[in-house]
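Topology and contacts: notes
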Amino acid sequence: MLFNEERIGPIVVGSYEASGREGVHLIALDAGTGELKRIGGAAGIENPSFIAIHPTMPRVYAVSETDDGAVVSYGYSEEESALAELNRQPSRGDAPCHLSVAASGRWLLAVNYSSGSVCLYPLGEDGTIGPLADQAVHEGSGVRADRQEKAHAHSVFPIRGTDDWLVCDLGTDGLYVYRIDEAAGKLVLRSRTDTAAGAGPRHTACHPALPIVYVVEELSCAVSAYEYRAEAGELVPLQTVSTLPDGYEGDNTCADIHLTKSGSYLYASNRGDDSLAVHRVLADGTLEPRGQVPAGGRTPRSFAVYGDRWLLSALQDSNSVVSFRLGEDGMPAPTGFALEVHKPVSLELAPDADSGSGSSSGSDE
């Protein structure tokens, strides 16, 4: 089946896969029908679970989520729909599980889940990763002995409109705000905010117009909204809402969180209920829960929202990526299209040849 000329992608998919098999995939979404098609990939990395995109160059970055892990850079060719490894650096810790690139294109930040640490790397003019410049190691534990026996840094995201970065630590129930001292090549801790005990903060999303940060909590299965006061580096709690249906009693953990481009709707994924929780975003940035829709399969570890029209769900235990069309009411409707991908974990829009940038939520489609 041929694709329409209108296409979103390539989209880079990270996965849990052996190094001898292609674990980084390039796929595309037909923006007319929702059909998904695989167009390329790359092998050579064990568990390239999470992906990040350079803001101005055709460069893609991945973690190797293993004991004594690594971060890896790729050159991307749009004409050939191909990725070629450029270099890699050790993460100086175990199980690196997330990474982000600074808007300046000068720095790469990554977190080691099992070691509870945050890593700072300089990026060269060619986009290659320099040796580790600095590392911040979290200490502490939480109330859940089974999951919070020590620090578990789970993600590092830029806070929109600022020079600050937010690190969610599931193990310590902490939200850590860092800033990069570029002259010294150091991470500077600005503040730490404690979530509710046992919440297990995992990932974040920033409102496109308001100074509000949303945090999905893996263990409490909730989304918390915070006002971010940039001058003080302070997170002020506003609201917490559940991601689960009323009366749900099964096992569940939350995984991912994204907003539509307009900021009108927010989604969070449930693993166990295997659903996408839908929230309408009110004028003041608080959330109005609108219910849950099936995620399209088992274990929606990640998903991505493109503009205000499309959502792709990465289903780790169904070995597939499925597409949804977003309605005017924000509710995702399955298109019926799915693409087989072994244990998909993350989705990021590849560098765009015209603008030189990509984003998991930045497409106009």
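Quantities reported herein were computed from a predicted structural model and do not represent experimental measurements.

This paragraph deals with the pairing of strand E12 (residues 153–158). Judged by how many residues are buried, E12 sits mostly within the fold: five of six residues are covered. In textbook terms, the turn of a hairpin is the stretch between consecutive antiparallel strands, and for E12 and strand E13 (residues 164–169) this stretch comprises five residues, one of which, Gly 161, has a positive phi near 75°.

The strand order across the open sheet formed by four strands is E4-E5-E6-E7, and the pairing between neighbours is antiparallel. Two strands lie at the open edges of the sheet, namely strand E4 (51–53) and strand E7 (82–90), each paired on one side alone. Neighbour-to-neighbour, the strand axes of this sheet turn through a mean angle of 25°, independent of strand direction.

Taken in spatial order, the four strands of this open sheet run E16-E17-E18-E19, and their pairing is antiparallel. The open sheet has two free edges, formed respectively by strand E16 (201–206) and strand E19 (234–242), since each of these has just one partner strand. Taken pair by pair, the neighbouring strands of this sheet meet at an average axis angle of 25°, ignoring direction. Sheet topology note: the strand E18 (residues 222–229)/E19 ladder contains eight bridges and is antiparallel. By the bridge assignment for E19, Val 223 is matched with Val 241.

Turning to unusual backbone geometry, a few remarks are in order. Of the consecutive residues Gly 9 and Pro 10, the connecting peptide bond is found in the cis state with omega at 5°. Looking at where Pro 10 falls in the secondary structure, it is placed in strand E1 (residues 7–15). Positive phi, close to 45°, is recorded for Lys 343, a residue that is not glycine. Among the structural elements, Lys 343 can be located in the loop between strand E27 (332–340) and strand E28 (344–349). The partly exposed category is assigned to Lys 343, whose relative accessible area is 27%.

Rules used throughout
- Residues numbered from 1 in each chain as written.
- Predicted model: local features only at pLDDT ≥ 70, side-chain atom pairs only at ≥ 80, totals over all residues.
- Heavy atoms only, no water.
- Buried < 20%, exposed > 50% of the residue type's maximum accessible area, 1.4 Å probe, protein only.
- Helix = DSSP H or I, 4+ residues; strand = E, 2+ residues; numbered from the N terminus.
- Pairing = 2+ DSSP bridges.
- Axes fitted to C-alpha atoms, helices over the stretch in contact; angles between N-to-C directions.

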